[in-house]
Amino acid sequence: MARPVKKPLEQWKSEILDAAKSLFMTKGYKETSISDIMEKVGGAKGMFYRCYQSKEEVMQDLGNQMFFANNPFDAVKKREDLNGLQKIRELLMLNQSDEERNHLNMQAVPILKDPHILATAVEENRRVLTPLWLELLEEGIKDGSIQTEYVKELSELLPLINFWLMPSVFPATADEIYHKYCFVLEVLSRMGLPILDSETAVLAEQFLADISSKGSE
């Protein structure tokens with residue numbers, strides 16, 4: 001009788017991510033247990049801990065996977081019909097229009113109360129997003145659509161704004177979150193980055209409503 005083929009660890013990780021994504025999207029992150037994930041994968045719970053330390057780590061890995069699979073920065077880079085500022089506005093539209101990833105991200109809002117998870121998320125955003133923002137900002141400077149002396153500072157600030165708006169990180173009511181959002185828009189505009197237009201405003205309102213509801217959980 002042939003022995004069953006052993007799967008490499010990377011395959012287990014891939015299957016765990018696929019199972020977790022399916023369960024998080026249907027049952028919800030809070031309602032999904034590690035046992036649920038491994039039952040769907042068809043493996044023992046011990047295999048989970050060979051691949052991941054926690055369910056929170058799976059959520060972070062899954063968020064990264066979904067971002068790189070549909071990276072809005074890559075999409076706007078190819079747009080020769082847009083200047084730097086227009087690319088940033090289009091980027092925000094594409095990012096907020098990714099309903100599947102946003103649904104997953106909103107489920108992750110409450111777990112950012114954990115300082116270790118928050119620190120990891122901030123570091124990941126700094127490492128990945130800051131260079132991408134810097135490239136777009138420098139393009140806007142070159143074509144004249146963005147006029148600021150704070151390109152480097154803005155590239156470091158932009159990946160952090162979402163964390164500041166999240167009530168699980170900085171507790172706030174829905175009205176207070178909206179007031180903070182208006183503050184961000186004014187600061188960015190005065191720094192030479194007027195990102196808001198009629199289209200991005202609609203999506204921003206939805207984002208604020210989502211994080212307000214999730215932050216209260």
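In this text, all values refer to a predicted model and were calculated from it rather than measured experimentally.

Participant: An account of the packing of helix α4 (residues 55-69) against helix α7 (residues 99-108) is requested, with residue identities and associated values reported.
Facilitator: Their axes nearest at 10 Å, the elements α4 and α7 cross at an angle of 155°. The orientation of α4 relative to α7 falls into the category roughly antiparallel. Taken as a pair, α4 and α7 cross one another with a handedness that is left-handed. Every residue of α7 that contacts α4 at M59, L62, G63, M66 and F67 is listed here: E100, R101, L104, Q107 and A108. Considering only residue class, the contact of α4 with α7 consists of 6 nonpolar, 2 polar and 2 charged.

Participant: How would you explain α4 if you had to name every residue and give the values?
Facilitator: Given a rise of 1.5 Å per residue, 15 residues ought to cover 21 Å, and the 21 Å separating the end C-alpha atoms of α4 matches this to within 8%. Those residues of α4 that sit buried are K55, V58, M59, L62, G63, M66 and F67. Taken around the axis of α4, the buried residues stretch over an arc of 165°, which confines them to a single face. Contacts from the buried residues of α4 go to α1 (9-26), α2 (34-41), α3 (45-51), α5 (72-77), α7 and α8 (115-143).

Participant: Report on the packing of aromatic side chains, specifying residues and quantitative values.
Facilitator: Applying the stated criterion across every chain, the model contains 8 aromatic pairs. Between F48 and Y49 the ring centres are 5.2 Å apart and the planes differ by 80°, which places this aromatic pair in the edge-to-face class. Given the relative accessible area of 0%, F48 is considered buried. Between Y178 and Y181 the ring centres are 6.0 Å apart and the planes differ by 45°, which places this aromatic pair in the tilted class. Taken together, the residues span about one helical turn, with Y178 and Y181 both in helix α11 (residues 174-190) at a distance of 3 residues. Overall, Y178 belongs to the partly exposed group, its relative accessible area being 38%. Ring pairing ties together the aromatic residues F67, F68, F73 and W133, which thus form one cluster. Between K7 and the ring centre of W12, over which it is positioned, the NZ or CZ distance is 3.9 Å. Directly above the ring of Y29 sits K55, whose terminal nitrogen or CZ lies 4.2 Å from the centroid.

Participant: Would you mind going over the layout of surface pockets in detail, with residue names and values included?
Facilitator: Vacant regions in the atomic arrangement are exposed by a probe of water-molecule size rolled over the atoms. Taken as a whole, the largest pocket holds about 1300 Å³ of empty space. Lining the largest pocket are 48 residues, with N95, N105, N125, L129 and N162 positioned closest to its centre. Secondary-structure elements contributing two or more residues to the lining of the largest pocket are α4, α5, α6 (84-97), α7, α8, α10 (161-165), α11 and α12 (198-215). Looking at which element gives the most residues to the lining of the largest pocket, the answer is α8, with 8 residues. As for the second largest pocket, its lining consists of Q53, S54, E56, E57, Q60, D61, N64, D114, H116, I117 and T120.

Participant: Explain the side chain of K55 residue by residue, including any values.
Facilitator: The residue K55 is located in helix α4 in this model. Despite its burial, K55 pairs with no opposite charge, the nearest such side chain being E56 at 6.1 Å. Here Y29 takes part through its backbone oxygen, which lies 2.7 Å from a polar atom of the side chain of K55. Among the polar contacts listed, one links the side chain of K55 to the backbone oxygen of T32, at a separation of 2.7 Å.

Participant: So what about the pattern of salt bridges? Which residues, and what values?
Facilitator: Oppositely charged side chains can pair when the atoms bearing their charge come close. Inspection of the entire model under this criterion finds 12 salt bridges. For K77, the salt bridge is made with E135, and the minimal N-O distance between the two is 3.4 Å. Of this pair, K77 sits in helix α5 while E135 sits in helix α8, and the two are 58 residues apart along the sequence. Taking relative accessible area as the criterion, E135 reaches 39% and is therefore assigned partly exposed. Between E156 and K152 there is a salt bridge whose closest N-O contact spans 2.6 Å. Of the two residues, E156 and K152 both sit in helix α9 (residues 151-157), 4 residues apart, roughly one turn of that helix. In this structure E156 comes out as partly exposed when scored by relative accessible area, which is 38%. When salt bridges with common partners are traced through the structure, they connect R79, D81 and E90 into a single cluster.

What counts and how
- Residues numbered from 1 in each chain as written.
- Predicted model: local features only at pLDDT ≥ 70, side-chain atom pairs only at ≥ 80, totals over all residues.
- Heavy atoms only, no water.
- Axes fitted to C-alpha atoms, helices over the stretch in contact; angles between N-to-C directions.
- Helix = DSSP H or I, 4+ residues; strand = E, 2+ residues; numbered from the N terminus.
- Parallel < 35°, antiparallel > 145°, perpendicular 65-115°, else oblique.
- Left-handed = near helix turned anticlockwise from the far one by under 90°.
- Contact = heavy atoms within 4.5 Å.
- Nonpolar A, V, L, I, M, F, W, Y, C, P; charged D, E, K, R; others polar.
- Expected span 1.5 Å × (residues − 1).
- Buried < 20%, exposed > 50% of the residue type's maximum accessible area, 1.4 Å probe, protein only.
- Arc of directions from axis to C-beta.
- Phe/Tyr/Trp six-rings, centres within 6.5 Å; stacked < 30°, edge-to-face > 60°.
- Lys NZ or Arg CZ within 6 Å of the ring centre and 35° of its normal.
- 1 Å grid on protein atoms, 1.4 Å probe; cavity = no way out; pocket = protein on both sides within 12 Å on 5 of 7 lines; lining within 4 Å.
- Points joined across faces, edges and corners; volume = space filled by probe spheres on them.
- Lys, Arg positive; Asp, Glu negative; His and termini not counted.
- Salt bridge = Lys/Arg side-chain N within 4 Å of Asp/Glu carboxyl O.
- Polar contact = N/O pair within 3.5 Å; in protein donor to acceptor, adjacent residues only side chain to side chain.

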